[in-house]
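Next come the chains, spelled out residue by residue.
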Amino acid sequence: MILLSKIVKSIQPSITLELNSKAIEMEKAGEDVVKLTAGEPDFITPKEIIENAYKAMLEGKTKYTDSAGIYELREKIANFINKSRGTDYNANNIVVSNGGKQALYNTLLALLNPGDEVILLDPAWVSYEAQIKLARGIPIHVPLKFKNNFIPKASDIKPYLSERTKAIIINSPNNPTGVVYSKETFLELYELIKDKNIYIISDEVYEKLVFEGEFFSPTQIDELREKTIIINAFSKTWSMTGWRVGYSVAPLTISKEIKKIQSHIASNINTPAQYGSLAAFDVDINYYINKFNERRKFVLNKMKESDLEYIYPKGAFYLFINISKYDNNDLNFANQLLKTKKLAVIPGSGFGAKGFIRISYATSTEMIEKGLNRLFEYVNGVK
Ligand code: PLP
């Protein structure tokens, strides 16, 4: 018998996708399903971006490019990053990749030796653990506290550091909680790792979706900049999830290695998508941000009709709800909710947080209202 990779065998298929496929099957069978599962904006990509990609194709820009991405795009990305963070990156710090996902994987491949440990702050986005394992690292889960809104404190992380800790993955604005970390959180983190050779991988894909307070990146702290790799993407800000345009921003010693990995694994990303992305920086995104904020306010108002506890969301487009007093088994809760009320949500276990569910408000207010009514009916029935 041929034995497959033990690492691949240790990775679970996403429970998120499983539930979503069930919901889609029910929809196909004609059932009135409400899906509050989407991890993507429901808007069409702004037309300027689509037109730029189309124009590029007609002009014959359909060939390979520099593996790290066309220079013009990398330069624009560097300016975009520098503008809001006061940094001085240039095109050579940037490697364009197939979504934020590949930027993260490239980074892990560049940093990790087999057996190196990477700290994850639970609840953490589903792909972090799988990617760390695929890169031959060891994921170390740090449970954060509900009473602290799942915002990390140095004292939460410290007991989990070891000689083998290579990196900490941070995600603010956060999926699934919607919290936005303040400068103080990053200063605490700095104090914790300042004498150690530990990198920060800062997943900033929701950076523009901040509705209260301000986005802060660890690269804004001078001493952290050389230890930080930013993971970012066009996906959420410009409604471009299907285009697969993401990037890493890293010190030159690391971006050089990331570029090698990108070139051998995928060469450049889709060329027309790169040209389309050039137009993104001139698009006025306030319309989208305001729309998400309206929906967030709608959700918060609607939640007053129930006594469910949740994490107060200041960014991204998710609400993380504590359902533990109804059912500590969130998988069971989500399955029953789908079966009896035809409402699809994401169980918290997928993020390493039992007793929670995540809903997405990246959909119309009508759908949000319908979905939340079903959730309330369900918990009232369970009570
Ligand atoms: N990081 C987080 C926290 C996400 O939620 C997502 C997408 O859901 C990504 C990264 C990946 O984004 P992309 O679609 O650009 O690969």
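The rules behind these values
- The residue numbers shown here count from 1 along each chain, following its written sequence.
- Given that this is a predicted model, residues contribute local features only at a pLDDT of at least 70 and side-chain atom pairs are listed and counted only at 80 or more, while totals for whole chains, interfaces and linings are drawn from all residues.
- Excluded from the side-chain calculation are hydrogens and water; included are all heavy atoms of the structure.
- Secondary structure counts use DSSP, requiring at least four H or I residues in a row for a helix and at least two E residues in a row for a strand, with both numbered from the N terminus.
- With the radius of gyration taken over C-alpha atoms, the globule rule is written as 2.2 Å times the number of residues to the power 0.38.
- Only protein chains enter the calculation, and the probe is 1.4 Å; a residue is then buried if its accessible area is under 20% of its type maximum, exposed if over 50%, and partly exposed in between.
- Two residues qualify as a contact provided that any one of their heavy atoms is within 4.5 Å of a heavy atom in the partner residue.
- Methods summary: accessible areas were calculated by the Shrake-Rupley approach with a probe of 1.4 Å, and residue burial reflects only the protein chains presented.
- Counted charges follow a simple rule, with Lys and Arg positive, Asp and Glu negative, and His plus the chain ends left uncounted.
- The atoms used to mark charge sites are NZ of Lys, CZ of Arg, CG of Asp and CD of Glu.
- Helices are assigned an expected span. That span is 1.5 Å times one less than the residue count.
- Definition of nonpolar core: a set of buried residues of the types Ala, Val, Leu, Ile, Met, Phe, Trp, Tyr and Cys, connected through side-chain atoms within 4.5 Å.
- The source of the domain bounds is an automatic or database domain assignment.
- One heavy atom suffices: a residue is near a molecule or strand as soon as one of its heavy atoms comes within 4 Å of it.
- Polar contacts, as counted here, are pairs of nitrogen or oxygen atoms within 3.5 Å of one another; within protein the pair requires one atom able to donate a hydrogen and one able to accept it, and residues that are adjacent in sequence qualify only if both atoms are side-chain atoms.
- Note that Gly is not counted as nonpolar here; it falls among the polar residues with everything else outside the nonpolar set of Ala, Val, Leu, Ile, Met, Phe, Trp, Tyr, Cys and Pro and the charged set of Asp, Glu, Lys and Arg.
- The working definition used for a salt bridge is a side-chain nitrogen of Lys or Arg within 4 Å of a carboxyl oxygen of Asp or Glu.
- Any residue with relative accessible area above 30% and no salt bridge may belong to a patch, with like charges joined within 9 Å and the nonpolar Val, Leu, Ile, Met, Phe, Trp and Tyr side chains within 5 Å.
- Where helices are involved, their axes are fitted lines through C-alpha atoms of the stretch in contact, as for all axes, and angles between N-to-C directions lie from 0 to 180°.
- By convention, the crossing between two helices is left-handed when the near helix turns anticlockwise from the far helix through less than a right angle, and right-handed when the turn is clockwise.

## Focus on the overall build of the protein
Inference 1: Of regular secondary structure, the protein possesses 14 helices and 13 strands.
Inference 2: Taken against the 2.2 N^0.38 rule, which gives 21 Å for 383 residues, the C-alpha radius of gyration of the protein at 21 Å falls within 12% of a compact globule.
Inference 3: If one aligns the C-alpha atoms of the protein with their principal axes, the spans along those axes are about 55 × 55 × 55 Å.
Inference 4: For the protein, buried positions account for 55% of its 383 residues.
Inference 5: Counting only contacts in the protein whose residues sit at least 6 apart along the sequence, the fraction spanning at least 24 positions is 75%.
Inference 6: When the accessible surface of the protein is totalled, it reaches about 17200 Å², and 51% of it is carbon and sulfur.
Inference 7: Put simply, the protein has 49 plus and 44 minus side-chain charges, and the middle of one group is 3 Å from the middle of the other.

## Regarding helix 4 (residues 71-85)
Inference 1: In this model helix 4 runs 21 Å from its N-terminal to its C-terminal C-alpha over 15 residues, within 8% of the 21 Å that 1.5 Å per residue would give.
Inference 2: Those residues of helix 4 that sit buried are Leu73, Arg74, Ile77, Ala78, Phe80, Ile81, Asn82 and Arg85.
Inference 3: Close packing links the buried residues of helix 4 with strand 2 (94-97), strand 7 (228-233), strand 8 (246-249) and helix 11 (271-278).
Inference 4: Downstream of helix 4 by a residue or two, Gly86 has a phi angle that is positive, lying close to 70°.

## Notes on the nonpolar core
Inference 1: Among the nonpolar cores identified, the biggest contains 69 residues, and Phe234, Trp238, Leu308, Ile321, Phe333 and Leu375 are the most heavily contacted of them.
Inference 2: No other element matches the six residues that helix 14 (residues 365-382) contributes to this core.
Inference 3: Summarising the domain contributions, this core has at least three residues from each of domain 1 (6-44 + 285-381) and domain 2 (63-282).
Inference 4: In this structure, Phe333 is in contact with Ile323, Tyr326, Asp327, Ile357, Leu375, Tyr378 and Val379, ignoring residues within four places of it in sequence.

## Notes on the site of the ligand
Inference 1: What surrounds the ligand is a group of 14 residues, the closest being Gly100, Asp203, Ser235, Lys236 and Arg244.
Inference 2: Between an oxygen atom of the ligand and a side-chain N or O atom of Tyr206, the distance comes to 2.8 Å.
Inference 3: Arg244 places a side-chain nitrogen or oxygen 2.8 Å from an oxygen atom of the ligand.
Inference 4: In the complex, 92% of the free accessible area of the ligand, which totals 400 Å², lies under the protein chains.
Inference 5: A total of three residues in the shell around the ligand trace back to one element, the largest contributor, which is helix 5 (residues 99-111).
Inference 6: Along the lines of polarity and charge, the residues of the shell around the ligand split into five nonpolar, five polar and four charged.

## Structural notes on the pattern of salt bridges
Inference 1: Across all of its chains, the model carries 25 salt bridges by this definition.
Inference 2: Its salt-bridge partner being Arg296, residue Glu212 comes within 2.9 Å of it at the nearest N-O pair. Here the residue Glu212 occupies a position in the loop between strand 6 (199-203) and helix 9 (222-225), and Arg296 occupies one in helix 12 (residues 286-302), the gap between them amounting to 84 residues.
Inference 3: Taking the relative accessible area as the measure of exposure, Glu212 reaches 27% and is therefore partly exposed.
Inference 4: We classify Arg296 as buried; its relative accessible area is 3%.
Inference 5: What you see here is one network of salt bridges that share partners, running through Asp32, Lys370 and Arg374.

## Quick word on a nonpolar patch on the surface
Inference 1: Residues Tyr54, Met57 and Leu58 make up a contiguous nonpolar surface patch of about 360 Å² in total accessible area.
Inference 2: Assignment of secondary structure puts Tyr54 in helix 3 (residues 47-58).
Inference 3: Tyr54 gets classed as exposed once you look at its relative accessible area, which sits at 52%.

## Concerning the packing of helix 5 against helix 10 (residues 252-265)
Inference 1: Contact geometry for helix 5 and helix 10: axes closest at 9 Å, N-to-C directions at 115°. Every pair of crossing elements has a handedness; the one defined by helix 5 and helix 10 is right-handed. Within the contact between the two elements, helix 5 uses Gln102, Asn106, Thr107, Leu109, Ala110 and Leu111 and helix 10 uses Ile254, Glu257, Ile258, Ile261, Gln262 and Ile265.
Inference 2: Across the contact of helix 5 with helix 10, the residue classes tally to seven nonpolar, four polar and one charged.

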